[in-house]
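# Remarks on the overall topology
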Amino acid sequence: MKVPLLDLKAQYAPIRAEIEAVMAEVMESQHFILGPQVQKCEEAIAGYSACAYGVGVSSGTDALLICLMTEGIGPGDEVITTPYTFFATAGSIARAGAKPVFVDIDPTSYNLNASEIESKITPRTRAIIPVHLYGQMADMDAVMEVAQRHRLLVIEDAAQAIGAEYKGRRAGSIGHYGCFSFFPSKNLGAAGDAGMVVTQDPTRAENLIRCRTHGSKPKYYHKVIGGNFRLDTLQAAVVAAKLRHLDNWTSARQRNAERYNLLFQESGLPIADSSRYESGGNQSACVFLPKVVTDRHIFNQYVIRTTRRDQLKAALQEKGVGTEIYYPVPMHLQECFSYLGHAVGAFPKSEGAASETLALPIYPELTDQQARYVVKCIAEFFSAGA
Ligand SMILES: *Cc1c(COP(=O)(O)O)cnc(C)c1O
């Protein structure tokens, strides 16, 4: 049996007519830059995320960058974030000219450990970027508390977490900014690159709108330097159409996660959830399953943890099961960030997760049969190696 990590064709087949219709509408209008479809998409995403404003941009990466740019964060400034994330989080900070400052993760949620933020704050600190990794939100009460006390901005990297909730509040709605990615493999994927910034603040929204068109307002008059960060009209039409299905897809992902949990329980393997993980300790389990710690986990990824990760990945590949490592090298050990001067061991929990976590197929259309096959292959791997 073949179980791919993600099957976008399975998602597209039942919505093909809808998507083709909205794309045809844009093509007929020959209106490709901004316009009513972009505005409709912005309003829909802002509404979905309990935010007052949405500003469509070219990608999740540009969403992060444009927030930093409009706030004038640059050389001499520091921004605190997690080293266990997709490159764009730290990359955007560096591209803005600021210094990424890392805090280690909480190994239960894999999100930044908010209790370590305060010790990293200096007079140069301007902002915190918590990342809601795998579809589960960081401890936002703790992040906002320390940010407010030190007058810092909070930019939520919600690229993997659209629709996730923390104490009844949606991802992107708690910080000063929320950044979404519509990269095709995200829960709400465009037909190419696309992203959005959401905010509750009208002045911030206005500044973002100006910045995404070279900082010009009125046209050809530039008080500030921006860039071309616009959301394509075609992408906006696709994202708005797909948004109507997002809650169904999220429910299917959550059901798949529940199914995996059950199948692992029935497999007879020694399992535990990630809160039981003891670093370097005598592990009672061979597989650690994801632990849900916030109200609504949207399962962009279902990530397990095992000390035999690389062997397991290879064995699953041989059996036709696609998996992925998110992410194999934490940011502080990336070659391009060697100038920050971090050595191996600087953020041990991130390093441990980077060497032991593995994402299993969790996409909405995954069948019961496929999930059973995945867990069966994992159980066989561990019993053969016992
Ligand atoms: C995908 C992702 C991004 C970047 O989004 P793009 O649309 O690919 O530029 C940023 N941060 C995180 C955590 C992501 O997963």
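For the structure, check the block above.
Summary of the structure given here. Just so you know, these numbers come straight off a predicted model, no measurement behind them.

This part takes up the sheet that holds strand 5 (residues 153–157). The strand order across the open sheet formed by seven strands is 1-9-8-5-4-2-3, and the pairing between neighbours is mixed. Each having just a single partner strand, strand 1 (53–57) and strand 3 (99–102) make up the two edges of the open sheet. The average undirected angle you get between the axes of adjacent strands in this sheet is 25 degrees. When strand 8 (residues 177–181) meets strand 9 (residues 195–199), the two strands line up antiparallel, connected through four bridges. Bridged to S181 within strand 9 is G195. Its contacts with the sheet place helix 4 (residues 60–70) against strand 1, strand 2 (78–81), strand 4 (125–129), strand 5, strand 8 and strand 9, and it is angled at close to 155 degrees to strand 8. Sheet strands touched by helix 5 (residues 87–95): strand 2, strand 3, strand 4 and strand 5. Its angle to strand 3, the strand with the most contacts, is close to 140 degrees.

Moving on, we come to the state of the cysteines. Enumeration over the complete set of coordinates arrives at zero disulfides. Between C51, a cysteine without a disulfide, and C179, which holds the nearest cysteine sulfur, the sulfur-to-sulfur distance is 11 Å. Looking at C51, the relative accessible area reads 9%, which means it is buried. The thiol of C67 is unpaired, and the distance to the nearest cysteine sulfur, on C179, comes to 3.8 Å. You can call C67 buried: its relative accessible area is 0%.

This part is about the nonpolar core. Counting residues in hydrophobic clusters, the biggest one holds 51 residues, and the most contacted among them are I45, I117, I128 and F182. Of all elements in the fold, only helix 2 (16–29), helix 3 (36–48), helix 6 (140–149), strand 9 and helix 8 (233–266) reach the threshold of two or more residues within this core. Broken down by element, this core gets its largest block of residues, nine residues, from helix 8. In contact with F182, other than residues within four places in its own chain, are I45, I162, L188, G189, A190, G192, A194, G195, M196 and V239.

Conventions used here
Residues numbered from 1 in each chain as written. Predicted model: local features only at pLDDT ≥ 70, side-chain atom pairs only at ≥ 80, totals over all residues. Heavy atoms only, no water. Pairing = 2+ DSSP bridges. Helix = DSSP H or I, 4+ residues; strand = E, 2+ residues; numbered from the N terminus. Axes fitted to C-alpha atoms, helices over the stretch in contact; angles between N-to-C directions. Contact = heavy atoms within 4.5 Å. Disulfide = S-S within 2.5 Å. Buried < 20%, exposed > 50% of the residue type's maximum accessible area, 1.4 Å probe, protein only. Core = buried A, V, L, I, M, F, W, Y, C linked by side-chain atoms within 4.5 Å.

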